[in-house]
Every structure is written in C-alpha cells, then in structure tokens.
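# Fold and contact review
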Amino acid sequence: ATWLGGEFEHTVLTVKPGPGSYFQDVALYHRPSKTLLLCDAVLSVTEEPPPILTSDPEYVRALLFHARDDPLELVADTAANRRKGWRRIVLLFNFFIPGATQADIGLKPLLALDPTFELGW
C-alpha cells in the first residue's frame, strides 16, 4: 500500500505466536531515499486534543497536569499547554502503559537467554 503522498510504501506484518498473542509490525520503504524502516509502533494522533478533552473542566485539568515540567509547576490554561499535555498523555499511555498488550510466550524464551550476557547499554 502507498502512504503519505506516495513517498512511502508499507506493509503490515502480523505474527500470532500462540494463544492470546498477537503482534503487528510495520515495514516502511521510503522511495526517495531508498530507506527501509521496520518498526513495531506506528501511531497517528491529532495535533490538537480531541474535543471531549477540551469541553470538560476535569479533562482540561488532566491535560494541564501532564503539561507540567516540574511537579509543583502551575501551568497556565493555554492552547499550547493543552497540546503539550495531550502529546505527553499519548506517549505515556500508548508506549509506556499499553495495558491491552499481552504476550503468551511462556518461559521458553527466557530460559534460552545467555546468563553470561552483560546487562547495560
């Protein structure tokens, strides 16, 4: 399939390793640069927070809470701060707390790890 004005070709790779497991990765090919990109997360999010989050004071408070750079910072209610909070919420819940993802791979992959591998970057 073609994506983003024809500059990218992409395909979705689906893997079902076992009951309860379901993974999808994406392969993107950028024609102009002849670059292949393989990734496990492609997410399209609106730049502006959805209307449901801006129409209720409690949700606006959540947007501003996540826009803080310091725990005690008081953030002004501006469009820029709402966008900043929205971007952070999207990152937090989609990448760091993806709750819906469950892998049913058992212990076999863990037991196959090399115990002499040195952890670190």
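Refer to the structure presented above.
Along every chain, residues carry numbers that run from 1 in the direction the sequence is written. Owing to the predicted nature of the model, reporting of local features is limited to residues with pLDDT of at least 70; listing and counting of side-chain atom pairs is limited to 80 or more, with chain, interface and lining totals taken over all residues. Side-chain descriptors were evaluated using all non-hydrogen atoms of the structure, hydrogens and water having been removed beforehand.

What follows is about the side chain of R82. For the purposes of this entry, the term helix denotes a DSSP run of H or I that reaches at least four residues, the term strand denotes a run of E that reaches at least two, and both are numbered from the N terminus. Within the secondary structure layout, R82 lies in helix α3 (residues 79-96). In terms of polar contacts, R82 uses its side chain to reach the side chain of D77, at 2.7 Å. Not counting the four nearest positions on each side in its chain, R82 is found in contact with P49, T54, V60, L63, L64 and D77. Polar contact is the term for a pair of N or O atoms within 3.5 Å; when the atoms are in protein, one must be able to donate a hydrogen and the other to accept it, and sequence-neighboring residues count only if both atoms are side-chain atoms. Any two residues having at least one pair of non-hydrogen atoms within 4.5 Å are treated as being in contact.

The next subject is a nonpolar patch on the surface. In this scheme, patches are assembled from residues that exceed 30% relative accessible area and form no salt bridge. Like charges are connected within 9 Å, while nonpolar side chains (Val, Leu, Ile, Met, Phe, Trp, Tyr) are connected within 5 Å. To measure how exposed things are, a 1.4 Å probe is used in the Shrake-Rupley method; for residues, cover is taken only from the protein chains shown. Here a salt bridge means any side-chain nitrogen of Lys or Arg lying within 4 Å of a carboxyl oxygen belonging to Asp or Glu. On the surface, Y29, L36 and L38 cluster together into a nonpolar patch covering about 310 Å² of accessible area. Locating L38 in the fold gives a position in strand β4 (residues 35-39). Under the relative-accessibility criterion, L38 is labelled exposed at 58%. The buried label applies to any residue whose accessible area, calculated with a 1.4 Å probe on protein chains only, is under 20% of its type's maximum; exposed applies above 50%, and partly exposed to all values in between.

Summed over the entire model, instances satisfying the criterion amount to six salt bridges. With a closest N to O distance of 3.3 Å, R61 and E58 form a salt bridge. Of this pair, R61 and E58 both sit in helix α2 (residues 57-66), separated by three residues, roughly a single helical turn. The exposure class assigned to R61 is exposed, which follows from its relative accessible area of 57%. The partly exposed category is assigned to E58, whose relative accessible area is 48%. The structure contains a network of salt bridges with shared partners spanning D69, K84 and R88.

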